[in-house]
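# Breakdown of the fold
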Amino acid sequence: MKRPNNPLRSKERAGKGDLLFLAAVILLAAYGVVCVYSASCYNAEVQYGDALYFFKKQLIGFLLGLAAMVGISFVSYEKFRRAGLSALLVSLVLLGLVFIPGVGRSNYGATRWIGVGPVTIQPSELAKYAFVLFTAGYFAKNPARMRRFSGILPVLGAGLSICVLIMLEPNMSVTMCVGALMIGMIFLGGASWKSLAAICIPVLFAVPALILAEPYRLQRLSAFMDPWASPREEGYQLIQSLYALGNGKLFGVGLFHSRQKYRFLPFSESDFILSVIGEETGFFGVLLLFLVIGFVVWRGFRIANRCENFYGYMLVCGIMLAFAVQSALNALVVSGCIPPTGLPLPLISAGNTSLIVTMAGMGIVYGVSRHNGQAKIHRIYK
Amino acid sequence: MAITFLFCLFLGRFFYIQAIWEDDLNLRAVDQWTREIPVVAGRGKVVDRNGEVLADNRTAYSIYARANAVSDAEKSAALLAEALGVPYENIYEKLTEKGRSEVTVARRTAKEVVLSIEAHDLGGIYFAQDDARYYPHGALASQVIGFTSYDGSGTTGIERGYDSYLAGKNGEVLSETDLVGVDLEGAVAAYVPATDGLNVRLTVDYRVQALAEETMARVLASSGAKAARAIVLDPSDFSVLAMVNLPSYDLNDIPRDDIASLNALSRNSLVSDIYEPGSTFKIVTAAANIEEGLRGNSAALPLNYVFSSSRTRTVDGSAIRCWSDHKNGKHANQTLAEALNNSCNPCFVDIALALGKDTFYDYLKAFRFGQATGIDFSGESIGMLLPESTVKNGDLARIGFGQTVAVTPLQLACAAAAAVNGGYYYAPRLVREIYSADGITRFQIKPKLLGRTVSEQTSSILSSMLEGVVRDGSGKKAYLEGYRVAGKTGTAQKYEDGHIAQGKYISSFVGYFPANAPKYLALVIVDEPQGSYYGSTVAAPCAAEIFQGIIDIMKIERAEA
């Protein structure tokens, strides 16, 4: 059982890890539960007759996520190495299941969920992490293959097939997220500039083409340019988000005192929860929130950098990239920098699949940090 | 790096929205957060010069429903239907009309009904004061007062002309609601009080108005005329004491369904319609001649000038005849005073031609023919006066005795007043002041002198001649012993489509008293009387009745003989 190259053998030898990282993640998720309650209580009361409807769901998600995070952090991340390909295949199958009538669940004109009894899950949330697992594993197996373009092709293939399936749902924003994640990981994996250019340039052309392919995207795009041109249709969502932020001013109207949550702002508890946070806590509240998110991202990449193991490095980078890109995209949507798309703010927005999976991912990162510490100690003793 | 950049980008954007753009956004957002129920301002009253109320309000309420906030539509609809006496289906439909914020269920509902509904505390039903206009004297002075539209804004008459003062400013009850209009729990409704409208005090004297209406109604019935009108004004400052247009209509029961008839009945013809005045216009011709004579214009005919007794004058080849046949010594060897007494047309042809176009037109302008009198009432007509440049001698000759010219009754009354009051032409007034509910005057409309017509001396000479007309001439039927009534009759043939309409006449009389210091002037017009049609027999007696009534009301003493 002696594997001198790998100091990580048993959890007994793992250290405390980056507790600050862990605390910040739990803090964010817990804050999310509070915000979900505030943003959804009126709507929940009107729609379900229970002001705590979304709160309870989110609380369950939080507890499950916490369990998943803690549980997964005790698992040696090396064990995920071999799971990469199967995770990818499973998630592709799940993404495909969305299109089978009776299994797929539609909402707001898009089929993004699969339902098993009362539980609905969003496969695209899983697919992101499956892609990270697969890519990290693939690159770590033979880092040299990254330098050749042909070596990147399997990663591209996996990423693009996920993208295509998600795009068919349709869900443009998650597609963009996976695309950005893919490029980010290929870059971090050490691909040559030429390869990167070969990937990025077609993407630059693909985006306008995809927008023109679906009329509703074009409408949203024009609504984003001037939301007041169609205040009751395409522009409505963005206008309501801006009203919420405007009402918040610098210091906010106070927690639980959002005016826009009274059914003016659609998706106030999920994709646009940041609008409500902006309204209730003001600019400084948003700033503070993103300082904490930024802190998590920074600590995450720090953990990646300190990881001596290339697989661990890629794994953590992938997870943190997914988290950071999605957080940024959500903020850009809410503030009207890019056209509105359905994309939750990770850890904060209502939505159990996203919450549990993100927390589990954070659990992996934390797990890596525990073993990092161990590696250092080990090195000193060596 | 890229991520740090993105973070900075959107944080900058958040700062822009929340610190710089926020005011503008909030302004828009507040609009969607609140729903308003109007608080209708109390409309100002219209009162006569002595405070008699002519237009008032009755407290009433509007009932609104906000469909999204109605909790039990069936029950509420049943209750409302019963209380309002309206079919259940109509109410139910309104209470369930989603997608609209506020629906008006009923308007102008009496207070007792509203109280009975309010007692049931129905969700989603709101009340707001919404007074109904009420006219205590019904049809009295209806064309002057005018009426309001269904939403309470002035449509005609004083109600329209002074709407900006009468209307006041509506307030509102603002309540915070959610997207679909459900009141938020614990939210306090903001109350923006309404500012009530100001009251308008007319120059009209209710008593004189009522008296004149009675008199004109009687003559309308007895003469079988199409219409009967009268103006009473105070020649000393041109404040209008009465304006009568008959037939009329009840302001509390406006025939809104018949627009054509409503338009005709609600028209203040005294201000807006024109007619050929006929002999009453001779007052102006006489005034011009006397004034020119006093000024030493040798073209003017002297006061002792004896007119040719011939019945006919030939001007530019066409013959103008007197209405009288001049047989048996009638209209022979007349002076100006006698020509007025007899209303002899040829004499006034002579005067107009003697003065000439330039001079005569100067007086027509001074007496404001072809111009607005400047009354504070909308829709004034300026009449029809041939442009000086196109007037031929034949036209000038006829204008001399009141033909080939069309005037509004108001123009004629004002011209007569300005001829006999010392020569002062004021802007006629219907409104004296605007005052608030606490009795404080906000705006006062004072007499406004527009110009001089003739000298005091001319005025006094003319007035004694017109006194003679009533004492000895065609105006005898307006004579009241001891009150020095003066005046002039008029009988004009009506024109229809450019031709004289056979058998259709306008009988008129303009008179005033006392002749030495005129205080009350009345112009009476009877349009198309059947049978007797002379101003002397149809219109002059009405003026006498009106003057007698005024004497009784004002308790005016007889002048020392």
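In this report, we go over the structure that sits alongside the text. Keep in mind it's a predicted model, so treat the numbers as computed, not measured.

The rules we used
Residues numbered from 1 in each chain as written. Chains lettered and ligands numbered in written order. Predicted model: local features only at pLDDT ≥ 70, side-chain atom pairs only at ≥ 80, totals over all residues. Heavy atoms only, no water. Helix = DSSP H or I, 4+ residues; strand = E, 2+ residues; numbered from the N terminus. Buried < 20%, exposed > 50% of the residue type's maximum accessible area, 1.4 Å probe, protein only. Contact = heavy atoms within 4.5 Å. Areas by Shrake-Rupley, 256 points an atom, 1.4 Å probe, with all protein chains shown as cover. Pairing = 2+ DSSP bridges. Buried area = accessible area lost by both parts, 1.4 Å probe. Salt bridge = Lys/Arg side-chain N within 4 Å of Asp/Glu carboxyl O. Polar contact = N/O pair within 3.5 Å; in protein donor to acceptor, adjacent residues only side chain to side chain. Nonpolar A, V, L, I, M, F, W, Y, C, P; charged D, E, K, R; others polar. Axes fitted to C-alpha atoms, helices over the stretch in contact; angles between N-to-C directions. Parallel < 35°, antiparallel > 145°, perpendicular 65-115°, else oblique. Left-handed = near helix turned anticlockwise from the far one by under 90°. Core = buried A, V, L, I, M, F, W, Y, C linked by side-chain atoms within 4.5 Å. Phe/Tyr/Trp six-rings, centres within 6.5 Å; stacked < 30°, edge-to-face > 60°. Lys NZ or Arg CZ within 6 Å of the ring centre and 35° of its normal. Disulfide = S-S within 2.5 Å.

So, on to the overall build of chain B. Across its full length, chain B holds 18 helices and 21 strands. In chain B, buried positions account for 53% of the 561 residues. Taking all contacts inside chain B whose residues are at least 6 apart in sequence as the whole, residues at least 24 apart take part in 72%.

Here the focus is the overall build of chain A. Within chain A one finds 12 helices and three strands. Within chain A, counting contacts between residues at least 6 apart in sequence, those at least 24 apart form 71% of the total. When the accessible surface of chain A is totalled, it reaches about 16200 Å², and 68% of it is carbon and sulfur.

What follows covers the pairing of strand S14 (residues 318-321) of chain B. Residues and elements named next belong to chain B. Note: strand S13 (residues 312-315) against S14, four bridges, orientation antiparallel. What sits directly across from Thr 312, in S14, is Arg 321. What sits between the antiparallel neighbours S13 and S14 is a turn of two residues, in which Asp 316 has the positive phi angle 50 degrees.

Each partner contributes residues to the interface: chain A has 36 residues there, and chain B has 28 residues. Contact between chain A and chain B buries roughly 2900 Å² in total, counting both sides, with carbon and sulfur atoms accounting for 72%. In terms of surface lost to chain B, no three residues of chain A exceed Tyr 243, Arg 259 and Phe 283 of chain A, which account for 21% of the buried area on that side. Linking chain A with chain B are two salt bridges, by the criterion used here. Here Glu 22 of chain B and Lys 249 of chain A are joined by a salt bridge, their closest N and O atoms 3.6 Å apart. Linking chain A to chain B there are 10 residue pairs in polar contact (both at pLDDT 80 or more). Every element with two or more residues in the side of chain A that touches chain B is listed here: helix H9 (236-248), helix H10 (273-306) and helix H11 (310-334) of chain A. The element best represented in the side of chain A that touches chain B is H10 of chain A, accounting for 10 residues. In terms of residue class, the side of chain A that touches chain B is built from 23 nonpolar, 10 polar and three charged.

All names here are of chain B. Strand order in the open sheet made by the five strands is S12-S11-S21-S20-S19, with antiparallel pairing throughout. Each having just a single partner strand, strand S12 (239-246) and strand S19 (486-496) make up the two edges of the open sheet. Pairs of neighbouring strands in the sheet enclose a mean axial angle of 10 degrees, with direction left out of account. Here 10 bridges tie S19 to strand S20 (residues 499-513), and the two strands are oriented antiparallel to one another.

All names here are of chain A. Where helix H3 (residues 83-97) meets helix H5 (residues 149-168), the closest approach of the two axes is 10 Å, and the angle between their N-to-C directions is 20 degrees. In terms of axis orientation, H3 runs roughly parallel to H5. Between H3 and H5 lies a crossing whose hand is left-handed. Counted together, Leu 88, Leu 92 and Leu 95 of H3 and Ala 158, Ser 161, Ile 162, Leu 165 and Ile 166 of H5 form the full contact between these two elements. Per-class residue counts for the contact of H3 with H5 are seven nonpolar, one polar and no charged.

Ile 186, Phe 290, Leu 315 and Met 320 of chain A are the most contacted members of the largest nonpolar core, which has 117 residues in total. The element that contributes the greatest number of residues to this core is H11 of chain A, accounting for 19 residues. Not counting chain neighbours up to four residues away, the residues in contact with Met 320 of chain A comprise Phe 21, Val 296, Val 297, Gly 300, Phe 301, Met 362 and Val 365 of chain A. Membership of the second largest hydrophobic core comes to 97 residues, among which are Leu 54, Ala 286, Val 405 and Tyr 426 of chain B.

The subject of this paragraph is the packing of helix H4 (residues 123-141) of chain A against H5 of chain A. Residues and elements named next belong to chain A. Where H4 meets H5, the closest approach of the two axes is 10 Å, and the angle between their N-to-C directions is 175 degrees. Here H4 is positioned roughly antiparallel relative to H5, judged by the angle of their axes. Counting all contacts with H4, which are made through Ser 124, Ala 127, Phe 131, Phe 134, Thr 135, Tyr 138 and Phe 139, the residues of H5 involved are Gly 151, Pro 154, Val 155, Ala 158, Gly 159, Ile 162 and Ile 166. The residue inventory of the contact of H4 with H5, partitioned by class, reads 10 nonpolar, four polar and no charged.

A word on the pattern of salt bridges. Counted under the stated rule, the structure contains 27 salt bridges over all chains. Across the salt bridge formed by Lys 261 of chain A and Glu 280 of chain A, the nearest N and O atoms sit 3.9 Å from each other. Residue Lys 261 of chain A is found in the loop between H9 and H10, and its partner Glu 280 of chain A is found in helix H10; the two are separated by 19 residues along the sequence. Considered together, Lys 261 of chain A and Glu 280 of chain A belong to a single accessibility category, that of buried residues. A salt bridge links Glu 528 of chain B to Lys 494 of chain B, with the nearest nitrogen and oxygen atoms 2.8 Å apart. One end of the pair, Glu 528 of chain B, is in the loop between strand S21 (520-527) and helix H18 (535-554); the other, Lys 494 of chain B, is in strand S19, and 34 residues separate them in sequence. Of the residues examined, Lys 494 of chain B reaches a relative accessible area of 13% and is grouped as buried.

Residues and elements named next belong to chain A. One open sheet holds the three strands; their spatial order is S1-S2-S3, and the pairing between them is antiparallel. One side of each edge strand has no neighbouring strand; the edge strands of this open sheet are strand S1 (104-107) and strand S3 (119-121). Neighbour to neighbour, the strand axes of the sheet diverge by 45 degrees on average, direction disregarded. In this sheet, strand S2 (residues 110-116) lies alongside S1 in antiparallel orientation, the contact comprising four bridges. Within the sheet, the bridge partner assigned to Gly 104 lies in S2 and is Ile 114.

This part covers the packing of aromatic side chains. The full count for this structure, using the stated rule, is 36 aromatic pairs over all chains. Relative to Tyr 243 of chain A, the ring of Trp 228 of chain A lies with its centre 6.4 Å away and its plane at 50 degrees, an arrangement referred to as tilted. One end of the pair, Trp 228 of chain A, is in the loop between helix H8 (215-225) and H9; the other, Tyr 243 of chain A, is in helix H9, with 15 residues separating them in the sequence. An aromatic cluster is present here, built from Trp 228 and Tyr 243 of chain A together with Tyr 16 and Trp 21 of chain B joined pairwise through their rings. The side chain of Arg 58 of chain B reaches across the aromatic face of Tyr 134 of chain B, ending 3.9 Å from its centre.

With that settled, consider the pairing of strand S11 (residues 227-234) of chain B. Residue and element names in this part refer to chain B. With eight of eight residues buried, S11 is to be regarded as a mostly interior element. Here S11 shows no split at all, with Ala 227, Arg 229, Ile 231 and Leu 233 on one side and Ala 228, Ala 230, Val 232 and Asp 234 on the other all buried. The pairing of S11 with S21 spans seven bridges and is antiparallel. By the bridge assignment for S21, Ile 231 is matched with Leu 523. In this structure, S11 lies alongside S12, joined through seven bridges in antiparallel fashion.

Cysteine pairs can be covalently joined through their sulfur atoms, and such a bond is termed a disulfide. Per the counting criterion, the structure on display carries zero disulfides over all chains. Just so you know, Cys 177 of chain A is unpaired, no disulfide at all, and the nearest cysteine sulfur is the one on Cys 163 of chain A, 9.9 Å from it.

Turning our attention to the side chain of Ser 275 of chain A. Tracing the backbone through its elements, the reader meets Ser 275 of chain A in helix H10. You can call Ser 275 of chain A buried: its relative accessible area is 0%.

That's the geometry; what it means functionally is another story.
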